[in-house]
Amino acid sequence: MLSEGLRFRDIRNTSTFRLTLLLGLVAAIGVVALLGLIYGLSARELDSRSDRILRAEAARLEGIRRDQLPDHIRVAIRRSVSGLNYYGLLDREGRPLAGNLRGSSGFVPGHVREIAGRSGRHGPVRLLAVRTAAGETILIGRDITPLVDLRRRVFEVLAFSGVAIALLILIAGTLLSFAPLRRLGRLQRSAHKIAAGHLEERMPILGRGDELDLFAGTVNTMVDEVGRVVSQVKAVTDAVAHDLRTPLTRVRAQLYRAGQQPDISPLLAGKVDAALADLDMVLERFAALLRISELETGSRRAGFHTVDLAALARAAIDLYGPLAEERGIALTLEAADGARMFGDDKLLFEAVGNLIDNAIKFAPAGGRVGIRVRSAGDGVRIEIRDNGPGIPADQRKAVLRRFHRGAGSEGVEGSGLGLSVVAAIAHLHQLSLDFDDAKPGLIARLHSPGR
Amino acid sequence: MARILVIEDDVTTAREIATELTAHGHEVAQVHDGQAALDMAMREPFDAITLDRMLPGMDGLVLVERLRERRVLLPVLMISALSDVDDRIAGLRAGGDDYLIKPFASNEMAMRVEVLLRRRQQSSESAILRVGGIELDLIRRKVRVEGEPVRLLHMEFRLLEFLARNAGDVVSRRIIFEQVWGYYFDPGANLINVHIGRLRKKLDRPDKPSAIVTVKGEGYRLDAV
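The structure presented is a predicted model; accordingly, all values stated were derived computationally and were not measured. (Residues numbered from 1 in each chain as written. Chains lettered and ligands numbered in written order. Predicted model: local features only at pLDDT ≥ 70, side-chain atom pairs only at ≥ 80, totals over all residues.)

A. Spotlight on the overall build of chain B. Secondary structure assignment for chain B yields 8 helices and 11 strands. A sequence separation of at least 24 residues applies to 59% of the contacts in chain B between residues at least 6 apart. (Helix = DSSP H or I, 4+ residues; strand = E, 2+ residues; numbered from the N terminus. Contact = placed C-beta atoms within 7 Å.)

This is the structure in structure tokens:
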């Protein structure tokens, strides 16, 4: 169920949000990969350009005669306007002979090496060493501070844009999820109203033809059909109620009147009495059946109010206590205060009373019947437990069928409609009715779904 | 004897109601449509009304509302082919005093009319109810049998009070269950029998027959003994 105020958890769970996040993630990976590629290629290009300059300069210096080399180096240093070029000439032992490079270790002739900058002395340098024919080493270096700065900046841009894209995706996902979630909330409220028996309610359609509209349309068609069937059933019930009850009243009245005649023979009087008794049984079942269909088709929740189940159970104990006592059955109640639900107290009492009555009927003389009322989360749970024969697992559904008389009910008063009435009352209150093994005996349980 | 107005569109049912009430010693007038019923109830003095919920011309609910608007405060027994609890509540809210569902047993209907008539007579009576040796103090909620105090539980007192208010008349188990406990389902014969049995044990005296008489197939009656 969606809460009234939208929470991030609700948004996070929407498919729109997840889809936006997934697409955003793919797009972000693509953008970062592209930027990374550009960065890599341009860094390599800048490096190789700088290396080409180093190699060209090295080739120029290598072509100069040995005795003129120190002068050329000095001139080259002087000419380096930027001061960013470094030169050095080392003897065979690596001692510096000329230039502004004081020597370096670890270089391999013919290869370019990058040396990290030293604070206050020089920036990062790419260095090329070449060995002359005389066995001396010429070192040529280029300060690549601008290049490193550029690389760092490109990296920063990448990192920043990555974070920004991620944030944008989250915001977009949240914003995009709001509208469908609100619509879903409206659809859900409609669905709850429909489930509560308001069959005139329809799901809102915005006319965009999107999937939610399609879904709402389908549900509305379904509700139309359900409404049509329910009103048909109701019409039949009403017709039965009106068109059969009055004639049945007449039949009973005339039969009763016949039995009241002063000149009636005792034999006939006996027959009339027997016919009246049979007719009353039929009428009683007829009334119970009508009541079940009225409970099942009616939208009676208008008369619902908060019912204190502990008080209801205590009243039931007061009513059924003497009956249990007469059979030597211990009737006990374990009720949590605060177990409340929204409902019709008279009907709930009837359901609970019916289950207690059954338990007393089926518990052995001297046995026990326990009632337990609890609130479970935002729902309730009412259990009536006896130590009678119980109901075999394969018959627990069958007992809810109308007119079902279970094994062991011979000689027990009842029409076989009691549990159907309880089930109809349970359904009206959105409660489940089920049976369990009390080992030995039966647990009849009325409970909010999932509790 | 009381004068009772029977409002019922089905002539056979109306005749049966009239016959049964006449057999109980009442004088009966019948009408078969709503407007005529309203006119008659305004014109002539009656002690009670039986009213069909579905009438041609005027809904029984509207009729009882009109009667109440015109300060006709007679007890009204509504008789209906609608058994839904909501219909019952609507009937009682509109101003009906009791609600009986079709098809009904004639004697059950007559019992309900008697209960309504009794209620009307007693509304201005004293705080002490006496039936033979049984005395109920309605204010202190105390009971004495032959002068000796008897301790009754809350529901036992209400049961005795209801029987005492209808002393001499038979009341069915169903009426007892509705009027004393306030529930409208069939509790099964045994349940009310057991409560009556417990009450008898507390009230009965060895030298006398029980004040609560079982009338087979109908219900119970409290007699002065």
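Now that the structure has been shown, we can carry on.
B. Up close: the overall build of chain A. The helix and strand tally for chain A stands at 9 helices and 12 strands. For chain A, contacts bridging at least 24 residues in sequence account for 63% of all contacts bridging at least 6.

C. Broad picture of the sheet that holds strand S3 (residues 112-115) of chain A. Residue and element names in this part refer to chain A. The sheet built from 5 strands is open, its strands ordered S2-S1-S5-S4-S3 with antiparallel pairing. The two strands at the open ends of the sheet, each matched to only one other strand, are strand S2 (96-99) and S3. Averaged over all neighbouring strand pairs, the angle between strand axes comes to 25 degrees, with direction disregarded. Pairing analysis gives 4 bridges linking S3 to strand S4 (residues 125-131), with the strands arranged antiparallel. The residue of S4 that forms the bridge with Glu 114 is Arg 126. Seen against the sheet, helix H3 (residues 69-79) touches strand S1 (85-90) and S2 and runs at an angle of roughly 165 degrees to S1. (Pairing = 2+ DSSP bridges. Axes fitted to C-alpha atoms, helices over the stretch in contact; angles between N-to-C directions.)

D. Highlighting the interface of chain A and chain B. Between chain A and chain B, the residue contacts involve 32 residues of the former and 31 residues of the latter. Breaking the side of chain A that touches chain B down by element, the ones donating at least two residues are helix H5 (211-260), helix H6 (266-297), helix H7 (309-326) and helix H8 (345-362) of chain A. Broken down by class, the residue content of the side of chain A that touches chain B amounts to 12 nonpolar, 5 polar and 15 charged. (Nonpolar A, V, L, I, M, F, W, Y, C, P; charged D, E, K, R; others polar.)

E. Focus on the nonpolar core. All names here are of chain A. Among the nonpolar cores identified, the biggest contains 113 residues, and Val 352, Ile 356 and Ile 425 are the most heavily contacted of them. Ranked by residues supplied to this core, first place goes to H8 with 10 residues. If we skip the residues at most four places from it in the chain, Ile 356 touches Ala 316, Tyr 320, Val 369, Ile 371 and Ile 384. In this structure, Ile 73, Leu 127, Leu 128 and Ile 140 belong to the second largest nonpolar core, which totals 18 residues. (Core = buried A, V, L, I, M, F, W, Y, C linked by C-beta atoms within 7 Å. Buried ≥ 20, exposed ≤ 12 C-beta atoms within 10 Å, placed from the backbone.)

F. Structural detail: the pairing of strand S3 (residues 48-52) of chain B. All names here are of chain B. Among the 5 residues of S3, 5 are classified as buried, and the element is accordingly described as predominantly covered. Residue alternation in S3 divides its side chains into two sets, Ala 48, Thr 50 and Asp 52 and Ile 49 and Leu 51, and both sets are buried. Pairing geometry for strand S1 (residues 3-7) and S3, over 4 bridges, is parallel. Bridging from a neighbouring strand, Ile 7 pairs with Leu 51 of S3. As judged from the 4 bridges shared by S3 and strand S4 (residues 76-80), these two strands associate in the parallel manner. Looking at S4, one finds that Thr 50 is bridged to Leu 77.

G. Summary view of the packing of helix H1 (residues 11-23) of chain B against helix H5 (residues 106-122) of chain B. Residues and elements named next belong to chain B. Contact geometry for H1 and H5: axes closest at 9 Å, N-to-C directions at 60 degrees. One finds that H1 runs oblique with respect to H5. The handedness of the crossing between H1 and H5 is right-handed. Of the residues in H5, those in contact with Glu 16, Ile 17, Glu 20 and Leu 21 of H1 are Ser 106, Asn 107, Met 109, Ala 110 and Val 113. Split into classes, the residues belonging to the contact of H1 with H5 amount to 5 nonpolar, 2 polar and 2 charged. (Parallel < 35°, antiparallel > 145°, perpendicular 65-115°, else oblique. Left-handed = near helix turned anticlockwise from the far one by under 90°.)

H. Just H1 of chain B, in detail. All names here are of chain B. For H1, built from 13 residues, the straight-helix expectation of 18 Å at 1.5 Å per residue is met to within 8% by its first-to-last C-alpha distance of 18 Å. For H1, the complete set of buried residues consists of Thr 13, Glu 16, Ile 17, Glu 20 and Leu 21. When H1 is viewed along its axis, its buried side chains cluster within an angular range of 125 degrees and face the same direction. Downstream of H1 by a residue or two, Gly 25 has a phi angle that is positive, lying close to 90 degrees. (Expected span 1.5 Å × (residues − 1). Arc of directions from axis to C-beta.)

I. Looking closely at the pairing of strand S2 (residues 27-31) of chain B. Residue and element names in this part refer to chain B. Sheet analysis places S1 next to S2, joined by 5 bridges and oriented parallel. Residue pairing across strands places Ile 7 opposite Val 31, the latter belonging to S2. With respect to chirality, the unit in which S1 leads through H1 into the neighbouring parallel S2 is right-handed. (Right-handed = clockwise from strand over helix to strand, strands pointing away.)

J. Spotlight on the sheet that holds S3 of chain B. Residues and elements named next belong to chain B. The strand order across the open sheet formed by 5 strands is S2-S1-S3-S4-S5, and the pairing between neighbours is parallel. Two strands bound the open sheet, and with one partner strand each, they are S2 and strand S5 (98-101). Averaged over all pairs of adjacent strands, the angle between their axes in this sheet comes to 20 degrees, without regard to strand direction. Packed on one face of the sheet, helix H2 (residues 34-43) meets S1, S2 and S3 and runs near 145 degrees to S2.

K. Layout of the confidence of the model for chain B. The pLDDT averaged across chain B works out to 89; a share of 97% of its residues lies at or above 70. Predicted complex metrics record ipTM = 0.85 and pTM = 0.66. (pLDDT = per-residue confidence, 0-100.)

L. A look at unusual backbone geometry. With an omega dihedral of 0 degrees, the bond running from Lys 439 of chain A to Pro 440 of chain A counts as a cis peptide bond. Mapping Pro 440 of chain A onto the fold places it in the loop between strand S11 (432-437) and strand S12 (442-447). Of note, the phi angle at Arg 71 of chain B is positive, near 65 degrees, even though the residue is not glycine. By the element assignment, Arg 71 of chain B lies in the loop between helix H3 (60-69) and S4. Residue Arg 141 of chain B is not a glycine yet carries a positive backbone phi of 55 degrees. Note that Arg 141 of chain B resides in the loop between strand S7 (134-137) and strand S8 (142-145).

M. Spatial organisation of the packing of helix H6 (residues 154-165) of chain B against helix H7 (residues 173-181) of chain B. Residue and element names in this part refer to chain B. Look at H6 against H7: their axes get within 10 Å of each other, and the N-to-C directions meet at 120 degrees. Taken together, the axes of H6 and H7 are oblique relative to one another. Note that H6 runs across H7; the crossing there is right-handed. Judged by residue contacts, Arg 158, Leu 159 and Phe 162 of H6 engage Ile 176, Gln 179 and Val 180 from H7. Of the residues contributing to the contact of H6 with H7, the split by class is 4 nonpolar, 1 polar and 1 charged.

N. The arrangement of H3 of chain B in detail. Residues and elements named next belong to chain B. By the burial criterion, the buried members of H3 are Gly 60, Leu 61, Leu 63, Val 64 and Leu 67. All buried residues of H3 project into a common sector of 165 degrees when viewed along the axis, lining one side. A positive phi of about 65 degrees marks Arg 71, the residue just after H3.

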